[in-house]
Amino acid sequence: MIRQIFFLFFIFSLTTIFGLFAVVIGIIDIRGRFVGSLSRMYSRIVLWISGVKYRVVGVENLDINSHYIFTSNHESAFDIPLILGGLNFHIVFLAKKELKKIPILGWAMIVGRHIFIDRYNKKKAVLSLKEAKMSLSSNPRSLIIFPEGTRSKDGKIHQFKKGGLSIALDIGMDLVPLAVCGTAAVVAKKSFALNKGEIELHIGKPIICSHWKGRPTIELADHLRNEVKAMKKTWKESIGEVN
């Protein structure tokens, strides 16, 4: 209990300090690159102070000089520091617009040039995706999306939605499947309890978008989901989990 209270207090303090600093820097950091570096540093500190051991598998699949659209399963709030801390890229999120309203965090995301989408208004969502394509073309950076749309409640990898994948197809950015493994056991959905454990981030090989031009986007979504499921299965086998 004491450990959890200390961790939550530390996270609140760290988020406030880094968030306010990012907002100030973001005024002159037009492309959001320095704010992106702050996000990686923040995430690595969170991972370190949590005491949770983590490992990144498959870094060799990536070209550090390229930009990608990363597609990941989503099972815990701890997915975010694992992804940001585990990948040495300038990454922004395709995030729900409600996050904009959160003090400090929302402000930091805005100056960090993250991309927001209205999930409940189809017309506005389509407009947001068009703006996202223009933004990534004029200011290249990597993007992380969670195609399931929300965190998994049962740990299973659910159907991938095709919406955000259209960005990759339209601007020709390669897609990279990611599998976050074990994070739900560390911090469950709608819980502030921090449990000890080991987590892993598995990185798949880039998928060349030009090879999928003209094919139904749902086929690409299913292919990505199968890649993520395969990596998660490999992780489960490595820890002796059968199901």
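Thresholds applied
- Residues numbered from 1 in each chain as written.
- Predicted model: local features only at pLDDT ≥ 70, side-chain atom pairs only at ≥ 80, totals over all residues.
- Heavy atoms only, no water.
- Salt bridge = Lys/Arg side-chain N within 4 Å of Asp/Glu carboxyl O.
- Helix = DSSP H or I, 4+ residues; strand = E, 2+ residues; numbered from the N terminus.
- Buried < 20%, exposed > 50% of the residue type's maximum accessible area, 1.4 Å probe, protein only.
- Polar contact = N/O pair within 3.5 Å; in protein donor to acceptor, adjacent residues only side chain to side chain.
- Contact = heavy atoms within 4.5 Å.
- Axes fitted to C-alpha atoms, helices over the stretch in contact; angles between N-to-C directions.
- Parallel < 35°, antiparallel > 145°, perpendicular 65-115°, else oblique.
- Left-handed = near helix turned anticlockwise from the far one by under 90°.
- Nonpolar A, V, L, I, M, F, W, Y, C, P; charged D, E, K, R; others polar.
- Pairing = 2+ DSSP bridges.
- Right-handed = clockwise from strand over helix to strand, strands pointing away.

### Thoughts on the pattern of salt bridges
Working step 1: Taken as a whole and assessed by the stated rule, the structure comprises four salt bridges.
Working step 2: Of the charged contacts, one joins glutamate 200 and arginine 55 as a salt bridge, the two residues approaching to 3.3 Å between their closest N and O atoms. On the criterion of sequence distance, the pair formed by glutamate 200 in strand S7 (residues 198-203) and arginine 55 in strand S1 (residues 53-57) is long-range, its members being 145 residues apart.
Working step 3: Owing to a relative accessible area of 46%, arginine 55 belongs among the partly exposed residues under this scheme.

### Here we look at the side chain of asparagine 73
Working step 1: Structurally, asparagine 73 is set in the loop between strand S2 (68-72) and helix H3 (79-86).
Working step 2: Take asparagine 73: its relative accessible area is 2%, and that puts it in the buried class.
Working step 3: In terms of polar contacts, asparagine 73 uses its side chain to reach the backbone amide nitrogen of valine 180, at 2.8 Å.
Working step 4: In contact with asparagine 73, other than residues within four places in its own chain, are Asp79, Phe146, Glu148, Ile157, Leu178, Ala179, Val180, Val228 and Lys232.

### Brief notes about the packing of helix H2 (residues 33-50) against H3
Working step 1: Interaxial distance between H2 and H3 falls to 8 Å at its minimum, and their mutual angle equals 120°. Considered as vectors, H2 and H3 are oriented oblique to each other. Considering the relative orientation of H2 and H3, their crossing is left-handed. Listed contacts from H3 to Ser39, Arg40, Ser43, Arg44, Val46 and Leu47 of H2 are Ile80, Pro81, Leu82, Leu84 and Gly85.
Working step 2: Tallied by class, the residues present in the contact of H2 with H3 amount to six nonpolar, three polar and two charged.

### Quick word on unusual backbone geometry
For residues other than glycine, phi is negative in most cases, and the peptide bonds are mostly trans.
Working step 1: A positive phi angle is found at isoleucine 104, which is not glycine, with a value near 70°.
Working step 2: Looking at where isoleucine 104 falls in the secondary structure, it is placed in the loop between strand S3 (91-96) and helix H4 (105-111).
Working step 3: With a phi close to 65°, arginine 113 is a non-glycine residue in the positive phi region.
Working step 4: Its location among the elements puts arginine 113 in the loop between H4 and strand S4 (115-117).

### Overview of the environment of leucine 165
Working step 1: Mapping leucine 165 onto the fold places it in helix H6 (residues 165-171).
Working step 2: The buried category is assigned to leucine 165, whose relative accessible area is 1%.
Working step 3: Sequence separation between leucine 165 and asparagine 65 is 100 residues, and the spatial gap between their C-alpha atoms is 21 Å.
Working step 4: What leucine 165 contacts, discounting residues up to four positions off in sequence, is Thr71, Ile145, Leu175, Thr217, Leu220, Ala221 and Leu224.

### A word on the sheet that holds S4
Working step 1: Strand order across the open sheet formed by seven strands is S1-S7-S6-S2-S5-S3-S4, with mixed pairing between neighbours. Because the sheet does not close on itself, it has two edges, and the strands there are S1 and S4. The average angle at which neighbouring strand axes cross in this sheet is 20°, direction not considered.
Working step 2: Taken together, the four bridges between strand S6 (residues 174-181) and S7 define a ladder with antiparallel strand orientation. Looking at the pairing, alanine 179 lines up with histidine 202 of S7.
Working step 3: Lying on the sheet, H3 is in contact with S1, S2, S3, strand S5 (142-145), S6 and S7; it crosses S7 at an angle near 55°.

### Concerning the pairing of S3
Successive side chains on a regular strand alternate, one facing one side of the sheet and the next facing the other.
Working step 1: A large share of S3 lies buried, amounting to five of its six residues.
Working step 2: Alignment of S3 against S5, held across three bridges, turns out to be parallel. Its bridge partner lying in S5, valine 92 is registered against leucine 143.
Working step 3: At this point the chain moves from S3, through H4, to the parallel S4, and the crossover so formed is right-handed.

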